[in-house]
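Now for the letters of each chain:
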Amino acid sequence: MTVPRIEVHEDAASLATEVAGELLTRLTSVQQTGRVPQIALTGGSIAEAVHREVARLSPGSGLDWSQVVVWWGDERFVAADSSERNAVQARTAFLDAVPVDPGNVHEVPSTAHAGSVADAATAYEQAIREHGAGVFDVVMLGVGPDGHVASLFPGSPALDVDDRIAVGVTHSPKPPPERVSLTLPALNRTRATWLLVSGDEKADAVAAALGGADVHDTPAAGVSGQDETVWFLDRAAASAL
Ligand code: 6PG
């Protein structure tokens, strides 16, 4: 595990601007080394704010979007066009606004393309085996007030799965109830892990994760990048540190 770095920003808006700028810089510098960067997106409100800033800052960044591969760390198992889908949110916020190659955008199957959440997880796992690079460049994760990351919730048996890339999650405490999530070992196959957290309702979870809580109580304690783990916080989310 890498030692986490903590960056505190004034509020959610400045945090989103900073993360979006760092993402564009990171992806561009990976391309300059001759590799095609692979990223994993997440869902939730701070992710959406970051995505909107990516769209705004992208022109002039020098990033060749046709050479970026996009995945999700988790997805809600709902209809393909549901506004609850993380992919729909990301498309609306930025993917439709940048010249990404649709063949490089790997969505988790929706209810239109998989008969069950377990089948969706299996198909997504297969897609990662076929089109993944073995390691992500950046995995972005929101954190819930209960300390969840992706769709790995406190007390869930999914936290102990170490022989799968993706799992189906049922009875999620955060609606909608059915989701597909990367497992902890899969989330941690990344050069950089960026946790994006805003709001004082997350402050205790942030403090617990950074204080070395058990992963079964605070799943965010279990994620780490191979080169860096960065907690991007606003002042409210950092208030219990
Ligand atoms: C989801 C997520 C989830 C999210 C956190 C934080 O699809 O619901 O991927 O893990 O990132 O719950 O969400 P907020 O930023 O909205 O609090």
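Keep in mind the model is a prediction, meaning the values are calculated, not measured.

Conventions we followed
- Residues numbered from 1 in each chain as written.
- Predicted model: local features only at pLDDT ≥ 70, side-chain atom pairs only at ≥ 80, totals over all residues.
- Heavy atoms only, no water.
- Buried < 20%, exposed > 50% of the residue type's maximum accessible area, 1.4 Å probe, protein only.
- Helix = DSSP H or I, 4+ residues; strand = E, 2+ residues; numbered from the N terminus.
- Pairing = 2+ DSSP bridges.
- Expected span 1.5 Å × (residues − 1).
- Arc of directions from axis to C-beta.
- Contact = heavy atoms within 4.5 Å.
- Near = heavy atom within 4 Å.
- Polar contact = N/O pair within 3.5 Å; in protein donor to acceptor, adjacent residues only side chain to side chain.
- Core = buried A, V, L, I, M, F, W, Y, C linked by side-chain atoms within 4.5 Å.
- Salt bridge = Lys/Arg side-chain N within 4 Å of Asp/Glu carboxyl O.
- Phe/Tyr/Trp six-rings, centres within 6.5 Å; stacked < 30°, edge-to-face > 60°.
- Axes fitted to C-alpha atoms, helices over the stretch in contact; angles between N-to-C directions.
- Parallel < 35°, antiparallel > 145°, perpendicular 65-115°, else oblique.
- Left-handed = near helix turned anticlockwise from the far one by under 90°.
- Nonpolar A, V, L, I, M, F, W, Y, C, P; charged D, E, K, R; others polar.

Caption draft 1: Spotlight on the pairing of strand β7 (residues 179-182). Along β7, one buried face is formed by Arg179 and Ser181 and the opposite face, lined by Val180 and Leu182, is buried too. In terms of strand pairing, strand β4 (residues 74-76) meets β7 through three bridges, oriented antiparallel. Directly across from Asp74, in β7, lies its bridge partner Ser181. Two strands pair when backbone bridges link them, and strand β6 (residues 166-169) and β7 are joined in this way by four bridges, in the antiparallel orientation. Bridge pairing in β7 links Val169 to Arg179.

Caption draft 2: Fine view of helix α2 (residues 45-57). In this model, α2 (13 residues) spans 19 Å end to end at C-alpha, consistent with the 18 Å of a helix rising 1.5 Å per residue. Regarding α2, the residues found buried are Ile46, Ala47, Val50, His51, Glu53 and Val54. Take α2 and look down its axis: the buried residues cluster within an arc of 165°, on one side only. Looking at α2, the residues exposed on the side facing more than 90 degrees away from the buried face are Ser45 and Arg56. In the core, the buried residues of α2 are packed alongside α1 (12-32), β2 (38-41), α3 (86-93), β5 (136-142) and β8 (190-197).

Caption draft 3: Geometry of the site of the ligand. Gly43, Asp74, His148, Ala150 and Lys202 are the nearest of the 15 residues found near the ligand. Side-chain polar atom of His148 to an oxygen atom of the ligand: 2.6 Å apart, as the coordinates give it. Measuring from an oxygen atom of the ligand, one finds a side-chain N or O atom of Arg179 at 3.3 Å.

Caption draft 4: Seen up close, the nonpolar core. Of all hydrophobic cores here, the largest spans 72 residues; its most connected members are Val70, Trp72, Tyr124, Met140, Leu182, Trp194 and Trp231. The element contributing the most residues to this core is α1, with seven residues. Not counting residues within four places of it along the chain, the set of residues in contact with Trp231 comprises Pro4, Arg5, Ile6, Glu7, Val143, Leu195, Val197, Val206, Ala209, Leu210 and Ala220.

Caption draft 5: A look at the pattern of salt bridges. Following the criterion strictly, the structure yields 14 salt bridges and no others. In this structure, Arg235 and Glu10 form a salt bridge, with 2.8 Å as the shortest nitrogen-oxygen distance. A residue pair is termed long-range when its members are at least 10 positions apart, and Arg235 in the segment after β9 (228-234) and Glu10 in the loop between β1 (5-9) and α1 qualify at 225 residues. Each member of the pair Arg235 and Glu10 is classed as exposed.

Caption draft 6: Fine view of the packing of aromatic side chains. This structure, assessed with the given rule, holds three aromatic pairs. Ring geometry for Trp71 versus Tyr124: centroids 5.9 Å apart, planes at 65°, classification edge-to-face. Separated by 53 residues along the polypeptide, Trp71 in strand β3 (residues 69-72) and Tyr124 in helix α4 (residues 117-131) bring together distant segments of the chain.

Caption draft 7: Broad picture of the sheet that holds β6. With antiparallel pairing, three strands are arranged side by side in an open sheet as β4-β7-β6. Lying at the two open borders of the sheet, with one neighbouring strand each, are β4 and β6. With direction set aside, neighbouring strand axes in the sheet form an average angle of 15°.

Caption draft 8: Focus on the packing of α2 against α3. Taken N-terminus to C-terminus, the directions of α2 and α3 make an angle of 30°; their axes are 8 Å apart at the nearest point. Classified by the angle their axes make, α2 and α3 are roughly parallel. Between α2 and α3 the crossing geometry is right-handed. Where α2 approaches α3, its residues Glu48, His51, Arg52 and Ala55 are matched on the opposing element by Gln89, Ala90 and Ala93. The class makeup of the residues in the contact of α2 with α3 is three nonpolar, two polar and two charged.

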